Amino acid sequence: MVSANSDLQFVNIKALNEWDSRYSGGVDWRQKLDVQRGAVLANELKNNSSKLSKWTIQALLAGSDQIKFGYVSRVNPVDSSKHVVLGTQMFKPIEFATQISLSMDNGWGILRCIIDLCMKLKEGKYLIMKDPNKPVIRIYDIPDNTFDSDEDADDDDSDDNDGDDDE
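Residues numbered from 1 in each chain as written. Predicted model: local features only at pLDDT ≥ 70, side-chain atom pairs only at ≥ 80, totals over all residues. Heavy atoms only, no water.

Peer 1: In this structure, what is going on with a nonpolar patch on the surface? I would like to understand it.
Peer 2: Nonpolar side chains collect at one region of the surface, where Leu 61, Trp 108, Leu 111, Ile 115 and Met 119 lie side by side and expose about 540 Å² of accessible area between them. For the nonpolar patch, the leading source of residues is helix α6 (residues 104-120), giving four residues. Along the polypeptide, Ile 115 turns up in helix α6. (Patch = residues over 30% accessible without salt bridge, like charges linked within 9 Å, V, L, I, M, F, W, Y side chains within 5 Å. Areas by Shrake-Rupley, 256 points an atom, 1.4 Å probe, with all protein chains shown as cover. Salt bridge = Lys/Arg side-chain N within 4 Å of Asp/Glu carboxyl O. Helix = DSSP H or I, 4+ residues; strand = E, 2+ residues; numbered from the N terminus.)

Peer 1: What is the right way to look at the side chain of Asp 131 in this model?
Peer 2: Along the chain, Asp 131 falls in the loop between β4 (125-130) and β5 (137-142). Among the polar contacts made by the side chain of Asp 131, one reaches the main-chain amide nitrogen of Asn 133 at a distance of 2.8 Å. Beyond its immediate stretch of four places on either side in the chain, Asp 131 contacts Val 136 and Arg 138. (Polar contact = N/O pair within 3.5 Å; in protein donor to acceptor, adjacent residues only side chain to side chain. Contact = heavy atoms within 4.5 Å.)

Peer 1: For this particular structure, what's the right way to read the pattern of salt bridges?
Peer 2: Note on pairing: side chains with opposite charge can pair once their charged atoms come close. Taken as a whole and assessed by the stated rule, the structure comprises four salt bridges. The salt bridge involving Asp 116 is made with Arg 112; its shortest N-O contact spans 3.1 Å. Placement of both Asp 116 and Arg 112 in helix α6 is noted, with a separation of four residues, approximately one turn of the helix. Classification of Arg 112 by relative accessible area gives exposed; the value is 53%. (Buried < 20%, exposed > 50% of the residue type's maximum accessible area, 1.4 Å probe, protein only.)

Peer 1: Would you mind showing me how to read the nonpolar core here?
Peer 2: Most often, soluble globular proteins keep nonpolar side chains buried together rather than apart. In terms of nonpolar packing, the biggest core is built from 14 residues, with Leu 16, Trp 55, Ile 67, Phe 69, Tyr 71, Phe 91 and Phe 96 touching the most fellow members. With near-sequence residues (within four places) excluded, Leu 16 lies in contact with Trp 29, Glu 44, Leu 52, Trp 55, Phe 69, Gly 70, Tyr 71 and Val 72. (Core = buried A, V, L, I, M, F, W, Y, C linked by side-chain atoms within 4.5 Å.)

Peer 1: So what exactly am I meant to see when it comes to helix α4 (residues 49-62) here?
Peer 2: Between its first and last C-alpha atoms α4 spans 20 Å; for 14 residues at 1.5 Å apiece the expected length is 20 Å, and the two agree. All buried positions along α4 are accounted for by Leu 52, Trp 55, Thr 56 and Ala 59. An end-on view of α4 places all buried positions within 100° of arc, on one side of the element. Those residues of α4 that are buried lie in contact with β1 (11-17), α3 (37-47), β2 (66-74) and α5 (93-99). Remark: Gly 63 follows α4 within two positions and exhibits a positive phi of approximately 75°. (Expected span 1.5 Å × (residues − 1). Arc of directions from axis to C-beta.)

Peer 1: Explain the packing of aromatic side chains to me, please; I cannot follow it from the model alone.
Peer 2: Each pair of aromatic rings is reported with the distance of its centres and the angle of its planes. Enumeration according to the criterion identifies four aromatic pairs in this entry. Residues Phe 91 and Phe 96 carry aromatic rings whose centres are separated by 4.6 Å and whose planes lie at 40° to one another, so their mutual orientation is tilted. Looking at Phe 96, the relative accessible area reads 0%, which means it is buried. Feature note: the residues Trp 55, Phe 69, Phe 91 and Phe 96 constitute an aromatic cluster, connected by ring pairs. (Phe/Tyr/Trp six-rings, centres within 6.5 Å; stacked < 30°, edge-to-face > 60°.)

Peer 1: I keep staring at the sheet that holds β1 and nothing clicks. Help me out?
Peer 2: Two strands in a sheet stick together by hydrogen bonds in their backbones, pointing the same way (parallel) or opposite ways (antiparallel). In space, the three strands of this open sheet follow the order β1-β2-β3, with mixed pairing throughout. The two strands at the open ends of the sheet, each matched to only one other strand, are β1 and β3 (83-91). Going across the sheet, the axis of each strand differs from the next one's by a mean of 25°, ignoring polarity. Pairing geometry for β2 and β3, over eight bridges, is antiparallel. Residue pairing for β3: Lys 68 is matched across the bridge by Met 90. Strand contacts of α3: β1, β2 and β3, with the helix running at about 95° to β3, the strand carrying the most contacts. Together, β1 and β2 form the strand contacts of α4, whose direction differs from that of β1 by roughly 170°. (Pairing = 2+ DSSP bridges. Axes fitted to C-alpha atoms, helices over the stretch in contact; angles between N-to-C directions.)

Peer 1: Is there a simple way to explain the confidence of the model for the protein in this structure?
Peer 2: When pLDDT is low, close inspection of the predicted coordinates is not appropriate. Put simply, the protein has an average pLDDT of 84, and 84% of its residues get 70 or more. At the low end of the mean pLDDT range in the protein sits helix α7 (residues 150-160), at 55; at the high end sits α5, at 95. (pLDDT = per-residue confidence, 0-100.)

Right, here's the structure in full:
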C-alpha cells in the first residue's frame, strides 16, 4: 500500500467471519456494522480474543504499518461457497495492541515460559495446544511419526532408491 506521502506501507489483512447471530447470541453484523462498528469489534474481541491477539502480534513482529480487518459474511447462510465483505477497519498494530491491552513484554514472557518447559522435556515430538475454553495451554507427547504425510514417506522411499538397478 502506498501512503498519502508516497511511502510504501506494509499491511496485514485478516478476515473475521460472521457466525450466525441467531445461534451464538452475538451481534448481527448486517444491522450493526455501519452504525455500531465498535460494538461489532468488541463482540469479536470477547469471542475471539486469542485470534485477534495472535494477528496483532504477527503484524507487530512483521513490522507492518497497518492491520486491516475485513468483516466477511456468507451471502446465504446455507451456502458456504459465496461470501461478501460487509466492511473493513484499519488500525496501526501498536495502537490496536494498546487498545486491546496486549503487552509484548507479557507475550515474550509467556514464550520464555513455554521454552523453559520444553527444554525440561525429554527429546521427542510434542504438540502444544491452547484449550479453547480456558486460558491454558497443554503439551502432549506424541509419537515421532505423527503428522508425517504420505508425501514425506514417498520422499523417504525415493532417498533409498539411488537410481541403481543392480540389486
